Amino acid sequence: MKPFDYIRPERLGQALSEGAKPGSAYLAGGTNLLDLMKTGAARPERLVDITRLPGLDRWEWGKDGGLRIGAMVRNSDAAHDPDIAAAFPAMAEALLSGASGQLRNAATMGGNVMQQTRCHFFADPFSPCNRRAPGAGCAAQGSDRRGFAVLGGSDACIATHPSDLCVALAALDAVVEIAGPEGLRETPLTDFHLLPGTGPEGHTRLAPGELIIALRLPAAAAGFRHHARYLKLRDRTSFAFALVSATALLRIEDGVIAEARLALGGVAPKPWRATAAEALLQGARPDADSFARAAEAALQGAAGHDAKITLAKRLAARALTQAARGTPARVPALPGSVHSGETAHV
Amino acid sequence: MSHTLNLTINGTAQEVTLDDPRVTLLDLLRERLHLTGTKKGCDRGQCGACTVLVNGRRMNACLALALSHDGAEITTIEGLAQGGELHPVQAAFIEHDGMQCGYCTPGQIMSAVGLIAEAQAGADPERIREGMSGNICRCAAYAGITAAVLQATETLTEEAERA
Amino acid sequence: MSDATPIATALPQRMGSNAGQRTTRRDGVLKVTGTATYAADNHPQGLLHAVFACATIARGRVTDLDVAAAKAHPGVVEVMTPANRPPLSADPDSKPMPFWFRTQVFQDDRVLYAGQPIALVLAETLEAATEGAARLSPRYAAEAPRIGLDEPPYAPKAVGIGAPAKVSKGDIEAGLAAAAQRLEVTIETPAQYHNAMEPHAVVAEWQGDRLIIDTPNQAPVMAAAAFAAWFGIAPQNVLLRTPFLGGGFGSKAILSAPQILAALAARMVGRPVKMVLTRAQMFGPVSHRGATRQSLRMGLDSAGHFTALAHHTIAETASFDEFIEAASTPSRLLYASPAISTTHEAVVNDIGLPGPMRAPGEASGTAALEVAIDIAAEAQGMDPIDFRLANYAETDPMTGNPYSSKALRECFAEGAKAFGWAGRPLAPRQMTDDRGMRVGWGMGTANFPCPMFDAEARATLRADGTALVETSLIDMGQGAWTALAQIAADALGLDLDQVEMRGGASDLPNAGVAGGSGHTASAGLAIEVAGSDTLRQLAEIAAADPASPLHGTGNAGVVARSGRLHAAGDEGRGETYAEILARAGKSALTGSGKGARDPKAASAYAMQSHGAVFAEVKVDPELGQIRVSRLVGAFAAGRIINPRLAESQLNGGMIWGLSFALLEKAEMDPRSGRILNADLGEYHVPVNADVPSVQTLLVHEDDPHVNPLGIKGVGEIGTTGTAAAIANAVWHATGVRVTRFPIRLDDLMEGLA
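Because the structure is predicted, anything quoted here is derived from the model rather than measured.

Just checking my understanding: could you explain the sheet that holds strand E12 (residues 272-273) of chain A for this structure?
Sheets are built from strands that pair by backbone hydrogen bonding, the pairs being arranged parallel or antiparallel. Residues and elements named next belong to chain A. A sheet is described by the order of its strands in space; here four strands give the open sequence E9-E10-E11-E12, paired in antiparallel fashion. Two strands close off the open sheet at either side, each with one partner strand: strand E9 (228-233) and E12. On the sheet, helix H5 (residues 89-97) packs against E9 and strand E10 (244-253) and is oriented at approximately 20° with respect to E9.

This is how it looks when you write it as structure tokens:
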């Protein structure tokens, strides 16, 4: 690990001015940044520890039922809170399907949104990677594409965004609150992450020195709480990144889909909101046909790995089907898994 | 430039001076404080062998920068048994043979203590399996681990009810 | 064997008093309190931390290392490279001893595989050494690596550890020609890495010409001799300590470059050195299970009997030495057929050297053979157990020798009963659960040889009547500290808590290697003989002493039990060990013993452990996500010393089989020859949630021939048969035969809805 200066500001203003200095990186839970510093993919000269900034480690409910979650709230705290899980069950399930209990205790909500791709070639400083070293090339292009993007990639980068949380946030129309030298601003989560295009190195809209201070979930997003699922396919039953994942949210009125949300993970360089599929579902009956058509629409234009595309379609349809059946009373024992997670043998 | 941090480790407050901000909590415990019960299996948060309690919550010490935890209360495997008595989780791991080589065992046990404190899994073996999935046991003593955590959960629940 | 004749009456009466009990681990408290010390837990005064820089190309030369940049980093003390490496006494390109692999210890600038250590940085802190290694920024003259099983094959002389590459009987082609049904299948198994939780570590300290080294090792006396050869010192000048191994699985049996170089670095700088491999560095220099491509050809007559069974393996090996996965060997052992052909070829890849990994040969071999058998049973319309019984080998298929014992039929029966196999539909895609998951049941036969290695032990009775038993026993999780103490207690006629064990170091009587599933049998027999030797001496003292109540009994007329000798048939006539020793004025009495296989028995009998593994899988009917909902294994492995620990090992072995079936694969980038998932995040081994239910049944088996204790060993057999059982269950659930391990959900896409 490259030597660095360690700064632990106590106030937001101080953090922002320290964070704006060249070579700085913000340290929150550390579960992604420290890992990348160990592999050598990240070599910051200054670490600005934001864990002590006041007020960022709590959440508050708006009068309208919306939720504002401070960036330093730990993943497990948000997921385990019964009120949050009741209003936004797909977010709780997404959070609990990710990583491990230990990592969720350390990882923060803001940090989760900021996490880097898990592309091997990005984490390995000896491989060409345009995202880490612009212009170096993309080693992923010639490799087995199973773990890479089938939507939204470019010749410069086909890395996927690894977050489970962000797939739920994208479907929930979450808003990212950002503080920077110029003051406060906000952006929809779906606009926060960038597609690679020719310059994958800037993977988010954050300018140097800017900092996520909160995530906002609008009250309307809680309207999907009765029909909300997050499903995740992976190569082991738990503690694995998604091969493909999906958040499905439905509002069903009088047997008809009044509103649908669908977002996919593991398939694109950003959490992938499938708006075309949503449009098809609006006003449709919540049945297999509708869901199959929506799934086709969600993967429209996908390329790179046929089996993965098939899987993604099937998973999208399944997530919609499960959502239509209704949100489980409690996050399942195996969150996000298609396996039941019922109490089995000892 | 040296940094000073205050930690309470296994109930004892201590001041630690670090000449290097790169030191992780895991390397601080093992290489500088010689509390070697906590193990390094991957150093990247992928195996759970380094699990300790930080302010009562289970975490991977390998992905915790020591300086960032100034002021924290740390409990390691060395601090779990009290007054010569094994913690119920420790005793249950022996009884159910929730170990083989033993290398992941301190992390498994600290993770189990944290899991039980989180009160999410209860006595559901499937939730225990999921909750313990951040701790890899290459010997694969998982059946014994699950049985041990179940038993310890019951013991601790009974203790709490009596208290 | 020791010259001492065990006292005749003692053995049967002691049986079962300690051995056979479900004792909890003797080292349990140490392990649950964090006080069991593994190598890297040692901190000699003044130590330096050592971190390797490893090659990021697979073939070529290192043309530049920025040693100055590394040394400029504060805290870095020294950088060892081929340019300044002190001399070693052994030639790294030679093979001076058995169990010795050629290795890369900075003898030149060549790179022979990705991950090869190319420099070692020594620093005052771990942080400085780590960054120092990163700053070496190696430059290379790279060549295109040879990767994959399509490289040109050659015929090796031997496979595994000294097994013949080709063994055949009968006329395969004639058998196939005469067959009513001919079947062929080719199955691929990937490179797998042991990944013991404890990375290889060394804490080395030189005291003059004496090397004190803490390092996890499965054969400490042999390893000490190897270190001595590398450093040109006498073997007794090496003290290797390894009281606990954080898993070995074969990767810690034979020295590899990192251990040698770390010890050399300590000598170079004159300070103790601690080197711990990173997880990524566990994927290269410390061996792995090599990839295979196995082709099976089967001929069957109209009654479902084999007319021919041919098993051919192509396996990868390294460019600088050879270890070839002996995957065709299970076909020499399991089924009766008039014609059997088992052959191997190898291909040279620019990879680290493969080596023995838990159930080497059998794990990969049964993964293919037992899938082929399932295909044959399907083709015959037979239940898989019935097919296996129809082709049951009553004697060794190759030699015709009788088995020393073989309770495989009982394994089938007891396993099937516990699993609930009866009524299984023959056809696939017949079962679903209440949630619509496809359900499949499959099984596989498990087998593993039961070798023994020469072992020695010393047993000392102390004045207080307790005993000290010494042998370089190795506990890497299998429970040697406990099981060998149980054997020792029985051998000495003592209760378990009266026996102190000393092991895990090279300055003790040689317990051989903890490997090949032979440690309990080998070290156990040495202990048994040593204990008998000690008691023989004690009985002779008592019998010769007119003041002893045992005077005149003769040494054969004495029984040892609970720390007391008494006359056979008269429990009242006797006295305690302590009384005998006190009267004789002895503070201690020591006996010794050796354990080894009786060569006459070895040539007369086939010696194998057997088992039957049953798997239930649930597979999502559209998405292919697989979960192994139940695993039941029934194993016959001779006498079980500690059922609790044996079940743990067998459960763990089966979970290794699960891992083989569904998870493990080193993803090789053929362009670079580098492994893309050299970590525990993406190189998947099972987590707790992967194992909802695993159950071991211990099937009774008396074996008077394997050794006097009747022990066969349980360390590896669980890993065999299981991968195929799961693959067969996946087929039974889905109708899809995936012939490439691991089976992943997207492999099932085409066969699913």
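Looking at this structure, how should I read the sheet that holds strand E27 (residues 588-595) of chain C?
All names here are of chain C. Spatially, four strands are ordered E23-E22-E21-E27 in an open sheet, and the strand pairing comes out mixed. Looking along the sheet, the strands with just one partner apiece sit at the ends: strand E23 (499-502) and E27. Shown here is a sheet whose adjacent strand axes are inclined to one another by a mean of 20°, direction ignored. Alignment of strand E21 (residues 455-462) against strand E22 (residues 467-470), held across four bridges, turns out to be antiparallel. The partner of Arg458 across the bridge, within E22, is Glu470. This element, helix H11 (residues 480-492), spans E21, E22 and E23 of the sheet and lies at about 130° to E23. The strands touched by helix H12 (residues 519-544) within the sheet are E21, E22, E23 and E27, with E27 carrying the most contacts at an inclination of about 140°.

Could you clarify how one ought to interpret unusual backbone geometry in this entry?
With glycine set apart, most residues show a phi of negative sign, and most peptide bonds adopt trans. Look at the link from Phe741(C) to Pro742(C): it is a cis peptide, with omega at -5°. Relative to the helices and strands, Pro742(C) resides in the segment after helix H16 (722-734). The residue Asp173(A) is not glycine, and still its phi comes out positive at about 60°. Within the fold, Asp173(A) resides in the loop between helix H9 (165-171) and strand E6 (175-180). Note on Asp173(A): relative accessible area 33%, which makes it partly exposed. One non-glycine residue, Asn195(C), lies in positive phi territory at about 50°. Along the chain, Asn195(C) falls in the loop between strand E11 (181-189) and strand E12 (201-207). Classification of Asn195(C) as buried rests on a relative accessible area of 2%.

Even after reading the chapter, I still don't get the interface of chain B and chain C, so can you show me in this structure?
For an interface, size is often stated in terms of accessible area lost upon the parts coming together. Opposite the 48 residues of chain B that make contact, chain C presents 58 residues. Here chain B meets chain C over a buried area of about 4,200 Å², counting both sides, of which 56% is carbon and sulfur. Contact with chain C buries surface across chain B, with Gln100(B), Arg138(B) and Tyr142(B) losing the most and accounting together for 19% of the total. Counting across the interface, chain B meets chain C through eight salt bridges. Among the ionic pairs, Lys39(B) bridges to Asp41(C), the shortest N-O distance being 2.6 Å. Contributions of two or more residues to the side of chain B that touches chain C are made by helix H1 (25-32), helix H2 (88-95), helix H3 (105-118), helix H4 (125-131) and helix H5 (142-162) of chain B. Looking at the side of chain B that touches chain C residue by residue, the classes come out as 20 nonpolar, 12 polar and 16 charged.

Any chance you could explain the environment of Pro9(A) here in plain terms?
Residues and elements named next belong to chain A. With respect to the helices and strands, Pro9 occurs in the loop between strand E1 (5-7) and helix H1 (12-19). Sequence-wise, Pro9 and Arg52 are 43 residues apart; in three dimensions their C-alpha atoms are separated by 7.2 Å. When sequence neighbours within four positions are dropped, the list of residues in contact with Pro9 reads Gln14, Ala15, Val48, Asp49, Arg52 and Leu53.

Explain the domain arrangement of chain B to me, please; I cannot follow it from the model alone.
Residue and element names in this part refer to chain B. Along its sequence, chain B is carved into domain 1 (3-79) and domain 2 (88-162). On a C-alpha basis, the centroid separation for the pair domain 1 and domain 2 is 21 Å. On the domain 1 side of the interface with domain 2, the three residues burying the most area are Thr51, Arg58 and Ile77, jointly 47% of the side's total. If you look at where domain 1 meets domain 2, you find one salt bridge. Looking at the side of domain 1 that touches domain 2, the element that brings in the most residues is strand E3 (residues 51-54), giving three residues. Its residues assigned to classes, the side of domain 1 that touches domain 2 shows five nonpolar, seven polar and three charged.

I would appreciate a short explanation of the pairing of E23(C) in the present structure.
The side chains of a regular strand alternate, first on one face of the sheet and then on the other. Residues and elements named next belong to chain C. The alternating pattern of E23 places Val499 and Met501 on a buried face, while none of Glu500 and Arg502, on the opposite face, is buried. Relative to E23, E22 runs parallel, the two being bridged by four bridges. Note on E23: the bridge partner recorded for Leu468 is Glu500. Handedness of the crossover joining E22 and E23 through H11 is recorded here as right-handed.

Conventions and cut-offs
By convention here, each chain's residues receive numbers from 1 onward along its written sequence. Naming scheme: in the order in which they are written, chains are lettered from A and ligands are numbered from 1. At least 70 in pLDDT is required for a residue's local features to be given in this predicted model, at least 80 for side-chain atom pairs to be given and counted, and no such filter applies to totals for whole chains, interfaces and linings, which use all residues. Excluding hydrogens and water, the side-chain values take into account all heavy atoms of the structure. Being paired, for any two strands, means DSSP has found at least two bridges between them. Counting from the N terminus, the helices are the DSSP runs of H or I reaching at least four residues and the strands are the DSSP runs of E reaching at least two. What makes two residues a contact is simply this: any of their non-hydrogen atoms within 4.5 Å. For helices, the axis comes from a line fit to the C-alpha atoms of the stretch in contact; other axes are also lines fit to C-alpha atoms, and the angle between any two N-to-C directions lies between 0 and 180 degrees. Residue exposure (1.4 Å probe, protein chains only): buried if accessible area is under 20% of the type maximum, exposed if over 50%, otherwise partly exposed. Here the quantity called buried area is the total loss of accessible area, with a 1.4 Å probe, experienced by two parts when brought into contact, counted for both. Counted as salt bridges are all cases of a side-chain nitrogen of Lys or Arg within 4 Å of a carboxyl oxygen of Asp or Glu. Polarity classes work like this: nonpolar for Ala, Val, Leu, Ile, Met, Phe, Trp, Tyr, Cys and Pro, charged for Asp, Glu, Lys and Arg, and polar for all others, with Gly in that last group. An automatic or database domain assignment supplies the start and end points of every domain. Orient the strands so they point away from the viewer, and a crossover whose first-strand-to-second-strand path over the helix runs clockwise is right-handed.

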